[in-house]
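Architecture at a glance
Each chain is listed here by its residues.
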Amino acid sequence: MSEQGSWEEFVIGLCDLAVKYDAETYLYESVVSLASRTPRQGHESATVRITRFDDEAARIETGWCFNLVVDYVAEDRSRPVPALGLVEAICSGNAEEHCLIDANGRWVGIFLDAWAPNGDRWQSGSVNSPEHRVTRRFPSWIDPN
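Structure report, in brief.

Rules used throughout
- Per-chain numbering applies: the sequence of each chain, read as written, is numbered from 1 onward.
- The model is predicted, so local features are restricted to residues of pLDDT at least 70 and side-chain atom pairs to those at 80 or more, both for listing and for counting; the totals for chains, interfaces and linings are taken over all residues.
- The side-chain values count all of the structure's non-hydrogen atoms but skip hydrogen atoms and water molecules.
- Take a side-chain nitrogen of Lys or Arg and a carboxyl oxygen of Asp or Glu: if they are within 4 Å of each other, that pair is a salt bridge.
- Going along the chain from the N terminus, every DSSP run of H or I of four or more residues is numbered as a helix, and every run of E of two or more is numbered as a strand.
- Partly exposed residues are those whose accessible area sits between 20% and 50% of the maximum for their type, while under 20% is buried and over 50% is exposed, using a 1.4 Å probe and protein chains only.
- At least two DSSP bridges between two strands are required for those strands to pair.
- Throughout, an axis means a line fitted to C-alpha atoms (over the contacting stretch in the case of helices), and angles, computed between N-to-C directions, take values from 0 to 180 degrees.
- What makes two residues a contact is simply this: any of their non-hydrogen atoms within 4.5 Å.
- Patch definition: residues with relative accessible area over 30% and no salt bridge; like charges joined within 9 Å; nonpolar side chains (Val, Leu, Ile, Met, Phe, Trp, Tyr) joined within 5 Å.
- Accessibility throughout is a Shrake-Rupley quantity obtained with a 1.4 Å probe, and a residue counts as covered only by protein chains that appear here.
- Lys and Arg are tallied as positive, Asp and Glu as negative. Neither His nor the chain termini are counted.
- Note that the charge is assigned to NZ on lysines, CZ on arginines, CG on aspartates and CD on glutamates.
- As used in this record, nonpolar core signifies buried Ala, Val, Leu, Ile, Met, Phe, Trp, Tyr and Cys residues forming a set joined through side-chain atoms within 4.5 Å.
- Oblique is the label for every angle not falling under 35 degrees (roughly parallel), over 145 degrees (roughly antiparallel), or within 65 to 115 degrees (roughly perpendicular).
- Each helix crossing is assigned a hand: it is left-handed if the near helix lies turned anticlockwise from the far helix by less than a right angle, otherwise right-handed if that turn is clockwise.
- Amino acids outside the nonpolar list (Ala, Val, Leu, Ile, Met, Phe, Trp, Tyr, Cys, Pro) and the charged list (Asp, Glu, Lys, Arg) are all regarded as polar, and Gly is one of them.

**Things to note about the pattern of salt bridges**
Applying the stated criterion across every chain, the model contains eight salt bridges. Lys-20 is the salt-bridge partner of Glu-88, the closest N and O atoms lying 2.5 Å from each other. With Glu-88 in helix H2 (residues 82-91) and Lys-20 in helix H1 (residues 7-20), the pair connects residues that are 68 residues apart, well separated along the chain. Of the charged contacts, one joins Arg-136 and Glu-97 as a salt bridge, the two residues approaching to 3.6 Å between their closest N and O atoms. Of this pair, Arg-136 sits in strand E9 (residues 132-137) while Glu-97 is found in strand E6 (residues 95-101), placing the two residues 39 residues apart along the sequence. Residue classification places Arg-136 among the partly exposed positions, given a relative accessible area of 22%. Overall, the relative accessible area of 0% leaves Glu-97 in the buried class. Where salt bridges share partners, they join Asp-22, Glu-24 and Arg-37 into one cluster.

If you want it as structure tokens, here you go:
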């Protein structure tokens with residue numbers, strides 16, 4: 001096991017994010033679901049599903065195809081827990097998914113991107129793919145008013 005972190009501590013951190021972003025929280029044995037309380041920028045209310053993957057990582061899913069496995073423990077206490085940073089990037093509007101479409105209009109791949117103010121970045125897929133893209137940036141859960 002890593003120096004710090006457990007699933008229980010991670011769930012407490014997720015509940016703190018839910019308070020910060022005014023989200024509904026649903027807790028199950030190995031799953032936490034956060035849902036924005038109100039629609040943002042013409043979207044239906046957003047949901048992030050966090051599932052315990054193993055003793056150190058969680059699967060984070062949202063949107064059309066956003067699906068990453070990220071550590072919820074941290075070796076370095078001076079750095080934020082990676083999975084909490086990714087969930088916060090999604091809730092704060094700093095994440096997007098790209099669906100890659102071939103010349104025949106078929107969905108052939110994805111590219112995922114999320115970034116945190118501290119410089120942490122999460123990516124999956126090929127950023128230099130030649131296919132056409134349909135991009136969806138997740139809206140912030142914070143009401144700008």
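**Describing the sheet that holds strand E7 (residues 107-115)**
If you trace the four strands from one edge of the open sheet to the other, you get E8-E7-E6-E9, paired in antiparallel fashion. The open sheet terminates on both sides in strands that have one partner only, identified here as strand E8 (121-124) and E9. For this sheet, the mean inter-axis angle between neighbouring strands, taken without regard to orientation, is 15 degrees. Sheet topology places E7 next to E8; four bridges connect them, and they run antiparallel. Counterpart to Leu-112 in the pairing with E8 is Ser-124. On top of the sheet, H2 reaches E6, E7 and E8; it is set at about 80 degrees to E8, its chief contact.

**Considering unusual backbone geometry**
Positive phi outside glycine occurs at Asp-22, with the angle close to 50 degrees. Position of Asp-22 among the secondary structure elements: in the loop between H1 and strand E1 (23-27).

**Observations concerning a negative patch on the surface**
Taken together, the side chains of Asp-54, Asp-71, Glu-75 and Asp-76 present a region of like negative charge at the surface. Mapped onto the secondary structure, Glu-75 falls in the loop between strand E5 (66-71) and H2.

**Here we look at a nonpolar patch on the surface**
Together, Trp-64, Trp-107 and Val-134 make up a nonpolar patch on the protein surface, roughly 320 Å² of accessible area in all. Structurally, Trp-107 can be placed in strand E7.

**Some thoughts on the pairing of strand E2 (residues 31-36)**
With respect to burial, E2 is a largely interior element, six of its six residues being buried. Of the two faces of E2, the one carrying Val-31, Ser-33 and Ala-35 and the one carrying Val-32, Leu-34 and Ser-36 are both buried. The pairing of E1 with E2 spans five bridges and is antiparallel. When the bridges of E2 are listed, Leu-27 appears paired with Val-32.

**What to know about the nonpolar core**
Generally speaking, a soluble globular protein has its nonpolar side chains buried in company with each other. Among the nonpolar cores identified, the biggest contains 36 residues, and Ile-50, Ile-60, Phe-66 and Leu-86 are the most heavily contacted of them. Elements represented by at least two residues in this core include exactly H1, E2, strand E3 (47-52), strand E4 (57-62), E5, H2, E6 and E7. Beyond its immediate chain neighbours, meaning those up to four positions away, Ile-50 contacts Trp-7, Phe-10, Leu-14, Ser-30, Val-31, Val-32, Leu-34, Ala-58, Arg-59, Ile-60 and Val-87.

**Some details on the packing of H1 against H2**
Their axes nearest at 10 Å, the elements H1 and H2 cross at an angle of 20 degrees. Of the possible angle classes, the one that applies to H1 and H2 is roughly parallel. Crossing of H1 against H2: the hand is right-handed. For the pair H1 and H2, contact is made by Phe-10, Gly-13, Leu-14, Leu-17 and Lys-20 and by Ala-83, Leu-84, Val-87 and Glu-88, respectively. A class-by-class count of the residues in the contact of H1 with H2 yields six nonpolar, one polar and two charged.

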